[in-house]
Amino acid sequence: MPITKGIEQLLAEANAAIKTIPAPEAIARLDDAGIVFVDLRDPRELAREGKIPNAFHCPRGMLEFWLDPESPYHKPIFAEEKTFLFYCASGWRSALATKTALDMGLANVAHIGGGFTAWKEAGGAIEAVNPRPS
C-alpha cells in the first residue's frame, strides 16, 4: 500500500502550525537565559560539524520519550519554564519535531529556519564536539 502523505505535505503542515525563527534572530538570542537551543541531529553530525554553543543534544529519535514526563526516559530540562529552539541540519527534522512537541503540549517551542546550515551561513558561533570513544 503506498503512503498517503509525503514529506512535502508533512513539512507544509508543520510549517503552517509552528513558529520559525530566522538564523540571524536566533544568533542574536544565543545568550538569552530563557532559551534552550536543542540540537536534534545525529551524534555523527555533531562530531563532524560541531554545534551551537551550549545547545542541548536530543537525538530526533528520542524526542517524544525525553519530552514526556511519564516516560522513563524523560529529561528534566524539558520541564523547565524556558523557550525551546530546535534545530537540525536544514530545518526539516526540526520543523517536524517542533510540530510534534506542540502536539504533545510543549507550548514554548520554535525552530531555526534553515537549521544549522543557515546558522553557519549567518556567521553563528560553533562549538566543537568531541566524539565519544568507541
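For the structure itself, consult the block above.
Residues numbered from 1 in each chain as written. Predicted model: local features only at pLDDT ≥ 70, side-chain atom pairs only at ≥ 80, totals over all residues. Heavy atoms only, no water.

Asks: Residues and numbers for the sheet that holds strand 2 (residues 35-39), please.
Replies: Remark on secondary structure: sheet strands pair via backbone hydrogen bonds, oriented parallel or antiparallel. Reading across from one edge, 1-5-4-2-3 is the order of the five strands in this open sheet, with parallel pairing throughout. Whereas interior strands pair on both sides, the edge strands pair on one side only; in this sheet they are strand 1 (20-21) and strand 3 (56-57). In the sheet, strand 1 pairs with strand 5 (residues 109-112) via two bridges, with the strands oriented parallel. Across the sheet, residue threonine 20 finds its bridge partner in strand 5, namely histidine 111. Sitting on the sheet, helix 5 (residues 92-104) touches strand 4 (83-87) and strand 5, and the angle it makes with strand 5 is about 180 degrees. (Pairing = 2+ DSSP bridges. Helix = DSSP H or I, 4+ residues; strand = E, 2+ residues; numbered from the N terminus. Contact = heavy atoms within 4.5 Å. Axes fitted to C-alpha atoms, helices over the stretch in contact; angles between N-to-C directions.)

Asks: Account for the pairing of strand 5, naming residues and giving values.
Replies: Residues Val109 and His111 point to one face of strand 5 and Ala110 and Ile112 to the other, with burial holding for every one of them. The sheet contact formed by strand 4 and strand 5 spans three bridges and is parallel. Of the residues in strand 5, the one forming a bridge with phenylalanine 86 is histidine 111. Note on the crossover from strand 4 through helix 5 to strand 5: the handedness is right-handed. (Buried < 20%, exposed > 50% of the residue type's maximum accessible area, 1.4 Å probe, protein only. Right-handed = clockwise from strand over helix to strand, strands pointing away.)

Asks: Tell me about unusual backbone geometry, residues and numbers included.
Replies: Glycine aside, a negative phi is what most residues show, and trans is what most peptide bonds show. Phi at asparagine 54 is positive, roughly 65 degrees, even though this residue is not glycine. Checked against the element boundaries, asparagine 54 lands in the loop between helix 3 (43-49) and strand 3. Taking relative accessible area as the criterion, asparagine 54 reaches 69% and is therefore assigned exposed.

Asks: Residues and numbers for the pattern of salt bridges, please.
Replies: The tally for this structure, following the rule as stated, stands at eleven salt bridges. A salt bridge links glutamate 49 to arginine 41; the nearest nitrogen and oxygen atoms lie 3.8 Å apart. A relative accessible area of 0% means that arginine 41 is categorised as buried. Measuring nitrogen to oxygen at the nearest pair gives 3.0 Å for the salt bridge that ties aspartate 103 to lysine 99. One end of the pair is aspartate 103 and the other is lysine 99, both in helix 5 and four residues apart, which spans about a single turn. The exposure class assigned to aspartate 103 is exposed, which follows from its relative accessible area of 55%. Each member of the salt-bridge network shares a partner with another, and the members are Asp39, Arg41, Arg48, Glu49 and Lys120. (Salt bridge = Lys/Arg side-chain N within 4 Å of Asp/Glu carboxyl O.)

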